[in-house]
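# Architecture and fold: a report
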Amino acid sequence: MLAPEVPMSHSVAGEPSSAGRRAAPLTTAVYSAAEWDLLTSLPGRVLVAAAGPGPGRPARGVMAGLAGLDAVAAGRAFDSDLVRAVVAAIYARHDGTPTPTEPLTDLVDLLAACRAAVRVLHRRADPADSAAYRQWVQSVAARVCRAATAPGEPSAGESTSPADRRFLDRLGAALGLG
């Protein structure tokens, strides 16, 4: 299987085009199939982890899952060729072809996958695309956590619970967002 070519979001000179996006990318980075699978599966894994139960966190309802899916889809509008390519690949997986089996993992495994993605991005991605991808993945989890409306949890849009804040902090650290 050939690794997809993923366009980057800046010109060779380092400046974005006047429209913020180029018609034809001048720079590309090629990810191995395993690296690309990691980058395209991580947003879904984060959504599942944020929506599922965790230490001090109940499982979320349908609204939280929909908020997470909406956050993934919002990547289509990002000013990052990498994020848009990842979203396109996620949606393309639903064309009837089998998806790689990614077992539901615990938080330790998820955080390890986040750190692995950061290493891949550091080696292969433009710094702006890397930052956009990592922030987008974090935003998926944040939107799920904010949408939680389980009994005893904050209402949608309110601040997150202490357990959710710990989860988001650990996720952010693993994604190198400090």
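Residues numbered from 1 in each chain as written. Predicted model: local features only at pLDDT ≥ 70, side-chain atom pairs only at ≥ 80, totals over all residues. Heavy atoms only, no water.

## A look at the overall build of the protein
Note the cut-off: Helix and strand labels come from DSSP, where a helix needs a run of H or I of at least four residues and a strand needs a run of E of at least two; each type is numbered from the N terminus. The cut-offs for exposure are 20% and 50% of the maximum accessible area for each residue type, with area from a 1.4 Å probe on protein chains only; residues under the lower value are buried, those over the upper are exposed, and the others partly exposed. Should any heavy atoms of two residues lie within 4.5 Å, those residues are counted as being in contact. Each accessible area is a Shrake-Rupley estimate made with a 1.4 Å probe; only the visible protein chains count as cover when residues are assessed.
If you tally the helices and strands in the protein, you get 6 helices and 2 strands. The burial tally for the protein puts 44% of its 178 residues in the buried class. Residue pairs at least 24 apart in sequence account for 72% of intrachain contacts in the protein once pairs closer than 6 positions are excluded. Split by element, the accessible area of the protein, about 9200 Å² in all, is 60% carbon and sulfur.

## Some remarks on the confidence of the model for the protein
Where we set the bar: pLDDT is a per-residue confidence score from the predictor, ranging from 0 to 100.
On average, the protein scores 78 in pLDDT, and the residues at 70 or more come to 70%. Across the protein, helix α4 (residues 107–124) holds the top mean pLDDT of 96, while strand β1 (residues 5–7) sits lowest at 48. Here residues 5–28 is modelled with pLDDT under 50, and outside its nearest four sequence neighbours on either side it reaches 46 contacts, counting other chains as well. In the predicted structure, residues 97–101 sits below a pLDDT of 50 and forms 4 contacts with residues beyond four places in sequence or in another chain.

## Digging into the environment of Val 83
Secondary-structure assignment places Val 83 in helix α3 (residues 81–92). Sequence spacing of Val 83 and Thr 40 is 43 residues, and the spatial spacing of their C-alpha atoms is 9.4 Å. Setting aside residues no more than four positions away along its own chain, Val 83 makes contact with Gly 75, Phe 78, Ala 132, Tyr 133 and Trp 136.

## What about the pattern of salt bridges?
Definition in use: Take a side-chain nitrogen of Lys or Arg and a carboxyl oxygen of Asp or Glu: if they are within 4 Å of each other, that pair is a salt bridge.
On inspection of all chains with the given rule, the structure shows 7 salt bridges. Among the salt bridges present, the one from Asp 164 reaches Arg 57, with a minimum N-O distance of 2.9 Å. Here Asp 164 is found in helix α6 (residues 162–174), whereas its partner Arg 57 is found in the loop between α1 (33–51) and α2 (62–74), with 107 residues between them in sequence. Judged on exposure class, the residue Asp 164 and its partner Arg 57 are both buried. For Asp 70, the salt bridge identified is with Arg 143, shortest N-O distance 2.1 Å. Of the two residues, Asp 70 sits in helix α2 while Arg 143 sits in helix α5 (residues 127–147), which places them 73 residues apart along the sequence. Judged by relative accessible area, which is 43%, Asp 70 ranks as partly exposed.

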